[in-house]
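Fold and contact review
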Amino acid sequence: MAVTSEKVSSQLQLVLENGQDERGNFIFKNKNFNNVKTGATADQLYTVAKALEPLQQRVLYAIERKDDNKIMNI
């Protein structure tokens, strides 16, 4: 039985600092951008995220990519 995986959707996620809790741990807020082309490279997503960074009110902590895959038996 052969199984394959196909990327069906991608999302760009900016993780932003949103203050600290009572213990001094950072609190984070995510800003998600849906409908990202599944073929977009990490370099392309990084470039877009860095272009969006100055438009944010919070400090950029991390850039993440979320992919959804469909697993199929072929």
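Refer to the structure printed above.
Now for a quick tour of the structure. Computed from a predicted structure; not experimentally measured. (Residues numbered from 1 in each chain as written. Predicted model: local features only at pLDDT ≥ 70, side-chain atom pairs only at ≥ 80, totals over all residues. Heavy atoms only, no water.)

1. What about the packing of aromatic side chains?
To keep things clear, this is the line we draw: Put simply, two rings from Phe, Tyr or Trp (the six-membered ring, in Trp's case) pair if the centres are within 6.5 Å, and we call them stacked under 30 degrees between planes, edge-to-face over 60, tilted for the rest. The rule is simple: take the accessible area with a 1.4 Å probe, protein chains only, and divide by the maximum for that residue type; under 20% is buried, over 50% is exposed, in between is partly exposed. For the purposes of this entry, the term helix denotes a DSSP run of H or I that reaches at least four residues, the term strand denotes a run of E that reaches at least two, and both are numbered from the N terminus.
Taken as a whole and judged by the stated rule, the model has 2 aromatic pairs. Measuring from ring centre to ring centre gives 6.3 Å for F26 and F28, while their planes differ by 35°; the resulting arrangement is tilted. The partly exposed category is assigned to F28, whose relative accessible area is 35%. Both rings, one in F28 and one in Y61, keep their centres 4.4 Å apart while their planes meet at 45°; by these two values the pair is tilted. Separated by 33 residues along the polypeptide, F28 in strand β2 (residues 26-36) and Y61 in strand β3 (residues 60-73) bring together distant segments of the chain. Through a chain of ring-to-ring contacts, the aromatic side chains of F26, F28 and Y61 assemble into a single cluster.

2. So, a nonpolar patch on the surface
Our working rule: Residues forming no salt bridge and having over 30% relative accessible area are the ones grouped into patches, like charges within 9 Å of each other and nonpolar side chains (Val, Leu, Ile, Met, Phe, Trp, Tyr) within 5 Å. Here the accessible surface of atoms and residues is derived via Shrake-Rupley with a 1.4 Å probe, and residues count as covered only by protein chains that are part of the display. Definition used for salt bridges: Asp or Glu carboxyl oxygen within 4 Å of a side-chain nitrogen of Lys or Arg.
Side chains of M1, V3 and I71 sit close together on the surface and give an oily, nonpolar patch of about 410 Å² of accessible area. With respect to the secondary-structure elements, V3 resides in strand β1 (residues 3-20).

3. Describing the sheet that holds β3
Counted only if it meets this: Two strands pair under a simple rule: DSSP has to find at least two bridges between them. Only the stretch in contact is used when a helix axis is fitted, and all axes are lines through C-alpha atoms; the angle between N-to-C directions ranges over 0 to 180 degrees.
The 3 strands lie next to each other as β2-β1-β3, forming an open sheet whose pairing is antiparallel. Looking at strand neighbours, the two that pair on one side only are β2 and β3, the edges of this open sheet. On average, adjacent strands in this sheet sit at an angle of 30° to one another, irrespective of strand direction. Where β1 lies against β2, 8 bridges are found, and the strand directions are antiparallel. Within β2, the position partnered with V15 by the bridge is N30.

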